Amino acid sequence: MMRDIKTKHSIGQYVRYILIFTILMALIVVLTGSYFTSRKLLTKRNLLSQQGAAVNLMAEEKTIHTSTIDVLQKLANEDAFSGEKYQLSQVKQVLRIVKEGNSNIKGIGFRTSDGKMIKSGEISESANSGEHSWYKNAITSPGTVTWTVPYKDKKTKQMIRTASLQIKNMSGQIGVVAIDLSYHNIEEAISALKIGRTGSVTLVDDKGTVIASKGKSKKYTFKSGQNINQKAIFKEIKQAVGNRGVIQLKTGNNMCSYVNKWHIFF
């Protein structure tokens, strides 16, 4: 009788251990599944946040770019530029009005072929030569709005890009009107974005020049004006198929969203 009781007690403990083990395994499976499901949802939500931010940023940058082209083309038809001769006093007034009406314009200037320069605000002084030769760009591409590569202004430390257009009046005189476009507002918009707890956002041109870069990721946050065309991340995005999407970076365990290739979110 005592042996039967001990045997039953032993079997009962064995069954109890099996039940506890089964319950623990079930809990582990449920918790693991919940973790991966939550992680997947958070990743998806973060990517959607990235894409939404990228689309908004792209729209703002495109608006600034398009409006600058529109301003230059309209100036070409102003009487001060398109008459028998350049009316420099009128030109100065027109430039001032345009400058005061657009917060993205750091400076606007007009240079004639004989070297006369009229400007409102600060305009890049590299009209004749150098890396940012907006005058040379416009002269060699008549009828087309040309752009310099983005560069950092020495005084304000803002990223600038100069757009220029050749203008010819009725007498055949040639001049160039140029706009120094500041990315200050774009940089502020980027600074306000929050891409997850460790994400960062970078706006870079197609040659690899960083226009703005903000975030908490030390590895993927760059100095404005820095060229990253030799960075693995830039090369991966440049080689990616299509103009927009999400890629898994080979250089790390991070996901990267890009829109039009040059609005990058890590």
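What you see is a predicted model, and the numbers here were worked out from it, not measured in a lab.

## Some points on the environment of Ser200
So, point 1. Here Ser200 lies in strand 7 (residues 200–204).
So, point 2. For Ser200, a relative accessible area of 1% gives the class buried.
So, point 3. Spatially, the C-alpha atom of Ser200 lies 6.3 Å from that of Thr221, the residues being 21 residues apart in sequence.

## As for the pairing of strand 7
So, point 1. Of all five residues that make up strand 7, five are buried, and the element is covered over most of its length.
So, point 2. With burial as the criterion, each face of strand 7 is covered, one bearing Ser200, Thr202 and Val204 and the other bearing Val201 and Leu203.
So, point 3. In the sheet, strand 7 pairs with strand 8 (residues 210–215) via five bridges, with the strands oriented antiparallel. Of the residues in strand 8, the one forming a bridge with Leu203 is Ala212.
So, point 4. Counting the residues that bridge the hairpin from strand 7 to strand 8 gives five residues, and of these Gly208 lies at a positive phi of roughly 100°.

## Things to note about the pairing of strand 6 (residues 174–182)
So, point 1. By the criterion of burial, strand 6 is predominantly enclosed, with eight of the nine residues buried.
So, point 2. Taken together, the nine bridges between strand 5 (residues 159–168) and strand 6 define a ladder with antiparallel strand orientation. The residue bridging Ile167 from the neighbouring strand is Gly175, located in strand 6.
So, point 3. Once strand 5 ends, the chain turns through five residues before running back antiparallel as strand 6, passing Gly172 with a positive phi of about 90°.

## With respect to the pattern of salt bridges
If the charged atoms of two oppositely charged side chains come close together, the side chains can form a pair.
So, point 1. This structure, assessed with the given rule, holds four salt bridges.
So, point 2. Measuring nitrogen to oxygen at the nearest pair gives 3.4 Å for the salt bridge that ties Arg96 to Glu100. In this pair, Arg96 and Glu100 are both assigned in helix 3 (residues 88–100), four residues apart and thus about one turn of the helix distant.
So, point 3. Given a relative accessible area of 60%, Glu100 falls into the exposed group.
So, point 4. A salt bridge links Asp153 to Lys106, with the shortest nitrogen-to-oxygen separation between them at 3.5 Å. Of this pair, Asp153 sits in the loop between strand 4 (151–152) and strand 5 while Lys106 sits in strand 1 (residues 105–112), and the two are 47 residues apart along the sequence. In terms of burial, Asp153 and Lys106 fall into one category: buried.

## With respect to the packing of aromatic side chains
So, point 1. For the structure on display, the rule yields three aromatic pairs.
So, point 2. A centroid spacing of 5.0 Å and a plane angle of 70° characterise the contact between Tyr86 and Phe110, whose relative ring orientation is edge-to-face. Taken as a pair, Tyr86 in the loop between helix 2 (79–82) and helix 3 and Phe110 in strand 1 lie far apart in primary sequence, 24 residues in all.
So, point 3. Relative accessible area serves as the criterion here: at 11%, Tyr86 is assigned to the buried category.
So, point 4. Taking the centre distance of 6.4 Å and the plane angle of 75° together, the rings of Trp134 and Tyr135 count as edge-to-face.

## Brief notes about the confidence of the model for the chain
So, point 1. Of the residues in the chain, 65% reach a pLDDT of 70 or more, and the chain-wide mean stands at 76.
So, point 2. Counting interchain partners and residues more than four positions distant, the pLDDT-below-50 stretch residues 35–39 has zero contacts.
So, point 3. Overall, residues 127–132 carries pLDDT values under 50, and its contacts beyond four positions in sequence, including any with other chains, amount to 13 contacts.

Cut-offs applied
- Every residue gets a number counted from 1 within its own chain, in the order that chain's sequence is written.
- Owing to the predicted nature of the model, reporting of local features is limited to residues with pLDDT of at least 70; listing and counting of side-chain atom pairs is limited to 80 or more, with chain, interface and lining totals taken over all residues.
- The basis for the side-chain values is all heavy atoms of the structure; hydrogens and waters are excluded.
- Helix and strand assignments come from DSSP, with helices taken as H or I runs of at least 4 residues and strands as E runs of at least 2, each series counted from the N terminus.
- Exposed residues in this analysis have more than 50% of their type's maximum accessible area, buried residues have under 20%, and partly exposed residues fall in between, with area computed by a 1.4 Å probe over protein chains only.
- A pair of strands counts as paired when DSSP detects no fewer than two bridges linking them.
- Between Lys or Arg on one side and Asp or Glu on the other, a salt bridge is scored when a side-chain nitrogen of the former is within 4 Å of a carboxyl oxygen of the latter.
- The aromatic pairing rule takes the rings of Phe, Tyr and Trp, using the six-membered ring of Trp, and pairs them if the centres are within 6.5 Å, calling planes under 30 degrees apart stacked, those over 60 edge-to-face and the rest tilted.
- Along the chain, pLDDT gives the predictor's confidence residue by residue, from 0 to 100.
- Between two residues, a contact is recorded if the distance between any of their heavy atoms is within 4.5 Å.

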